[in-house]
Every structure is written in structure tokens, then in C-alpha cells.
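Here's the letter readout for the chains.
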Amino acid sequence: MDANDRAWKCGKCDLTLTGKKASFSYLGHTFSHEVLRCPKCGKVFIPKELAEGKMAEVELQLEDK
Ligand SMILES: [Zn+2]
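All figures in this text were calculated on a predicted structure; none of them were measured in a lab. (Residues numbered from 1 in each chain as written. Predicted model: local features only at pLDDT ≥ 70, side-chain atom pairs only at ≥ 80, totals over all residues. Heavy atoms only, no water.)

**Observations concerning unusual backbone geometry**
Basically, it comes down to this: Put simply, DSSP marks the helices as runs of H or I at least four residues long and the strands as runs of E at least two long, and each gets a number from the N terminus on.
Phi at Asp14 takes a positive value of approximately 60 degrees, unusual for a residue other than glycine. Examined against the element boundaries, Asp14 turns out to sit in the segment before strand 1 (18–26).

Here is the structure:
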């Protein structure tokens, strides 16, 4: 497996994902982190360190403004 591809693509749309600032709220704290998002279908790819961390307890809100 090649897990070090720099240009991540959406498996469905075959489009390069774009960086997108997202807000997380975790245990009453809000912080921002950039996630990768497909420009077409809007699927969000969570960075591995977040996905393996506390994501189950974190609310993700994309800043669409
Ligand atoms: Zn997509």
C-alpha cells in the first residue's frame, strides 16, 4: 500500500481534494484544523491523526462561509 501519496483524491469522483478549514468542538473547546474535502461531492477526509484520536467525540463543522 502506498499511503504517502501527497495528492489525495476522492475515490468516487477522482478529483484532487482541496484543503478546507473546519471547526471542531471537543469537550467544550473549539479549534480549527484543515481537512481535505472533495470539491464535487463534499466528502471530507479526516487526517489520520485526528481520525485515530478523539474523532468519535468531536463534532466537525465545515466553515462554508
Ligand atoms: Zn467526491
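Now that the structure has been shown, the text picks up again.
**Here's the deal with the pairing of strand 1**
Rules: Here, a strand pair is defined by DSSP locating no fewer than two bridges between the strands.
Relative to strand 2 (residues 29–37), strand 1 runs antiparallel, the two being bridged by nine bridges. Looking at the pairing, Ser25 lines up with Thr30 of strand 2. Counting the residues in the hairpin turn of strand 1 and strand 2 gives two residues, including Leu27, whose phi is positive at 50 degrees.

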